[in-house]
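Now for the letters of each chain:
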Amino acid sequence: DDEYYDEYYYDDEYYDEYYYDDYYYDDDYYDDFDGEYFDEEAVIASYEVDGLELLGDPTPEHLQLWESFTALIPAQYIEGVITYFEVIDDPETSGYVYGDEDDIDKFVLGLNVIELDQPRELRHTIIHEYAHILTLSADQIDMRLERGASCPTFELEEGCSDDDSYVFAFYQQFYEDGGNNSNDAFVTEYASTNIAEDMAESFTFFILRPRPDGNSIADQKVAFFYDYPELVELRNATRANLNTQQQ
């Protein structure tokens, strides 16, 4: 229910429309963003995760980076989902997730320690990467499909999308007829990379911004998530966490 977020909430510095302007998304930070394609040498630390707790002896800085993630995404959505947390120091990579090869139901999360000094970018990255976890999890994607086997829905690099998955519905609505690559079809330039990044960026806007009142393809992609009550509930819980951090 957006009534919780009153007019003042949307007018503050973080959420006003000028924060997400063309300059923000056209700057060098996002032009150089390589998503999941990172340099392994940039990983400066890796920690096993038990529930929501980092094991080992994380530095205060690394613990702060991890807690930025756990403080923003509600615990019930991430507890037990992450097996390893990787800290990277790479000006060209904001963050990534990839499946744990030993457990297809779990993920490895990587975040960039540089972004501790860029809190807005870090929030965006956290939500973006969580969107991958949400939309590419084992209950959304059949990861056991053999290469070359027929996928009756839509096949991603990660596997075959389930017929009731978010990504297949997104594909049917926005990509099945060839897609639209016009300037107003994507919320950011990076969203045009592929359908997975398009969903993740659109989901990030769904979480961080008011419901769009326009009818561009980009607006429709953000509005797509409002069709799922469970995602609206996730949005409200995440925004409540963010509101707490802003106080």
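All of these numbers come straight from a predicted model, not from anything done at the bench.

## Considerations on the environment of Asp102
Line of reasoning, step 1. Considering the arrangement of structural elements, one finds Asp102 in the loop between β4 (95-100) and β5 (103-112).
Line of reasoning, step 2. Each C-alpha atom of the pair Asp102 and Thr83 lies 9.8 Å from the other, and the pair is 19 residues apart in sequence.

## Describing the state of the cysteines
Line of reasoning, step 1. Counting across every chain of the model gives one disulfide.
Line of reasoning, step 2. Note that Cys151 is cross-linked by a disulfide to Cys160, the S-S spacing being 2.1 Å. On the S-S bond that ties Cys151 to Cys160, the torsion sits near 80 degrees, and the link is right-handed. Comparing Cys151 with Cys160 shows no difference in burial state: the two are buried.

## Observations concerning the pairing of strand β3 (residues 82-88)
Line of reasoning, step 1. For β3, the tally of buried residues reaches six of seven residues, placing the bulk of the element in the interior.
Line of reasoning, step 2. Relative to β3, strand β1 (residues 43-50) runs antiparallel, the two sharing five bridges. Bridge assignment links Ala45 to a residue of β3, and that residue is Val87.
Line of reasoning, step 3. Here β3 runs beside β5; their pairing, made up of six bridges, is parallel.

## Considerations on helix α9 (residues 217-224)
Line of reasoning, step 1. Those residues of α9 not exposed but buried are Ala218, Lys221, Val222 and Phe224. Burial along α9 is one-sided: seen end-on, the buried residues are contained in an arc of 150 degrees.
Line of reasoning, step 2. If you follow the buried residues of α9, they end up packed against α7 (166-174) and α8 (195-208).

## As for a negative patch on the surface
Line of reasoning, step 1. Together, Glu48, Asp50, Glu53 and Glu79 make up a negatively charged patch on the protein surface.
Line of reasoning, step 2. With respect to the secondary-structure elements, Glu48 resides in strand β1.

## A closer look at the nonpolar core
Line of reasoning, step 1. Among the nonpolar cores identified, the biggest contains 59 residues, and Phe69, Ile82, Phe85 and Phe203 are the most heavily contacted of them.
Line of reasoning, step 2. Ranked by the residues each element gives to this core, the list is headed by α8, at eight residues.
Line of reasoning, step 3. When sequence neighbours within four positions are dropped, the list of residues in contact with Ile82 reads Val49, Trp66, Phe69, Phe107, Leu109 and Ile133.

Here is what the cut-offs are and how they apply
- Within each chain, residue numbers correspond to sequence positions counted from 1 in written order.
- Only residues with pLDDT of at least 70 get local features here, since the model is predicted, and only at 80 or more are side-chain atom pairs given and counted; chain-wide, interface and lining totals rely on the full set of residues.
- Values reported for side chains reflect all heavy atoms of the structure, with hydrogen atoms and water molecules removed beforehand.
- Every helix listed is a DSSP run of H or I at least four residues long, and every strand listed is a run of E at least two residues long, numbered separately from the N terminus.
- Working definition: a disulfide is two cysteine sulfur atoms within 2.5 Å of each other.
- Buried, partly exposed and exposed residues are distinguished by accessible area as a fraction of the type maximum, computed with a 1.4 Å probe on protein chains only: under 20%, between the cut-offs, and over 50%, respectively.
- Two strands pair under a simple rule: DSSP has to find at least two bridges between them.
- Comment: arc refers to directions from the helix axis out to C-beta atoms.
- Contacts between residues were defined by any pair of non-hydrogen atoms, one from each residue, lying within 4.5 Å.
- Residues with no salt bridge and a relative accessible area higher than 30% make up the patches, which join like charges within 9 Å and nonpolar side chains (Val, Leu, Ile, Met, Phe, Trp, Tyr) within 5 Å.
- Throughout, the Shrake-Rupley method with a 1.4 Å probe supplies accessible areas, and for residues the shown protein chains are the sole cover considered.
- Here, a salt bridge means any side-chain nitrogen of Lys or Arg that lies within 4 Å of a carboxyl oxygen of Asp or Glu.
- His is not counted, nor are the chain ends; Lys and Arg add positive charge and Asp and Glu add negative charge.
- Every charge is mapped onto a representative atom, which is NZ of Lys, CZ of Arg, CG of Asp or CD of Glu.
- Buried Ala, Val, Leu, Ile, Met, Phe, Trp, Tyr and Cys residues form a nonpolar core when they are joined through side-chain atoms within 4.5 Å.

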